[in-house]
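Descriptive structure summary
Each chain, written out:
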Amino acid sequence: ASPHQLVAMLFTGLLDAVARARGALRDGQIERKAHELSRAVRIVEEGLKGGLSPAGGALTEQLSSLYSYVSTRLMQANLRNDDAALAECVSLIEPL
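So, a few notes on the structure that sits alongside this text. (Residues numbered from 1 in each chain as written. Predicted model: local features only at pLDDT ≥ 70, side-chain atom pairs only at ≥ 80, totals over all residues. Heavy atoms only, no water.)

A separate point is the overall build of the chain. When helices and strands are tallied, the chain shows 4 helices and 0 strands. Scanning the chain from its N terminus toward the C terminus, one meets helices and strands in the order α-α-α-α. At 13 Å, the chain has a C-alpha radius of gyration in line with the 12 Å of a compact globule built from 96 residues. Each principal axis of the C-alpha atoms in the chain carries an extent, and together these give about 45 × 25 × 20 Å. (Helix = DSSP H or I, 4+ residues; strand = E, 2+ residues; numbered from the N terminus. Rg over C-alpha atoms; globule rule 2.2 N^0.38 Å.)

Written out as structure tokens, the structure reads:
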């Protein structure tokens, strides 16, 4: 797969994990929600943020900041069972 395809796969995996977490939260399945959000954070931190090129300049810095914010909000949503925070993360990632 090309680098662009890999990033697209990471975005899809992230959005799928958040969707599953939101469903688990609605259904009261807290353990499943936590598992899916842990997966989502790993995708952001290790896949998306970890794959940024240091030579990317300002764009890399902006994406890194966005990914850090999304990762923090995912962790907060997990701790607080906060569906609004999950919706925010989706709204930030979907346009990319």
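Still more ground to cover, so stick around.
As a further point, take the pattern of salt bridges. Per the counting criterion, the structure on display carries 4 salt bridges. R22 serves as the salt-bridge partner of D83, at 2.8 Å between the closest nitrogen and oxygen. One end of the pair, D83, is in helix α4 (residues 83-93); the other, R22, is in helix α1 (residues 3-26), with 61 residues separating them in the sequence. Between R73 and E88 there is a salt bridge, and its shortest N-O distance comes to 2.8 Å. Of this pair, R73 sits in helix α3 (residues 57-80) while E88 sits in helix α4, and the two are 15 residues apart along the sequence. What you see here is one network of salt bridges that share partners, running through R20, E36 and R39. (Salt bridge = Lys/Arg side-chain N within 4 Å of Asp/Glu carboxyl O.)

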